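# Structure at a glance
Here is what each chain is made of, one letter per residue.
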Amino acid sequence: MVVAFCLILALVPGCQISAAQIYIPLGYGLTGLCVALLMSPTPAAAVVGFIAGGLLGAAVYNNSLKRQIEPTTGPDGVND
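Below is a summary of the structure that appears in this document. Computed from a predicted model, the values in this text were never measured in an experiment.

Broken down by element type, the chain carries three helices and zero strands. Within the chain, buried positions represent 15% of all 80 residues. Excluding contacts between residues fewer than 6 apart, the proportion of contacts in the chain whose partners are at least 24 apart in sequence is 50%. In the structure as shown, the chain presents an accessible area of about 6,400 Å², 73% of it carried by carbon and sulfur atoms.

So, in structure tokens, the structure goes:
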């Protein structure tokens, strides 16, 4: 446990974390939690809704990141 904690502390400075990486999946996760609780007000539904929403939010963030990295091409196939 101590070795894992030290490894995490050693690797954290190399991570570039932006607010969007946290807040987009968190927002989707909380929305999924609310929708799941409206459909079935149980703790299991809350956990499943939060996880499903968080995964959807991570996919949305990843897709927006991919769009920023890839070069855009115009209708004639030439890079803009």
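On the surface, I17, I22, Y23, L26, L30, V47, F50, I51 and L55 cluster together into a nonpolar patch covering about 900 Å² of accessible area. Of all the secondary structure elements, the ones that give two or more residues to the nonpolar patch are α2 (19-39) and α3 (43-69). When you line up the elements, V47 lands in helix α3.

Parameters at a glance
Residues numbered from 1 in each chain as written. Predicted model: local features only at pLDDT ≥ 70, side-chain atom pairs only at ≥ 80, totals over all residues. Heavy atoms only, no water. Helix = DSSP H or I, 4+ residues; strand = E, 2+ residues; numbered from the N terminus. Buried < 20%, exposed > 50% of the residue type's maximum accessible area, 1.4 Å probe, protein only. Contact = heavy atoms within 4.5 Å. Areas by Shrake-Rupley, 256 points an atom, 1.4 Å probe, with all protein chains shown as cover. Patch = residues over 30% accessible without salt bridge, like charges linked within 9 Å, V, L, I, M, F, W, Y side chains within 5 Å. Salt bridge = Lys/Arg side-chain N within 4 Å of Asp/Glu carboxyl O.

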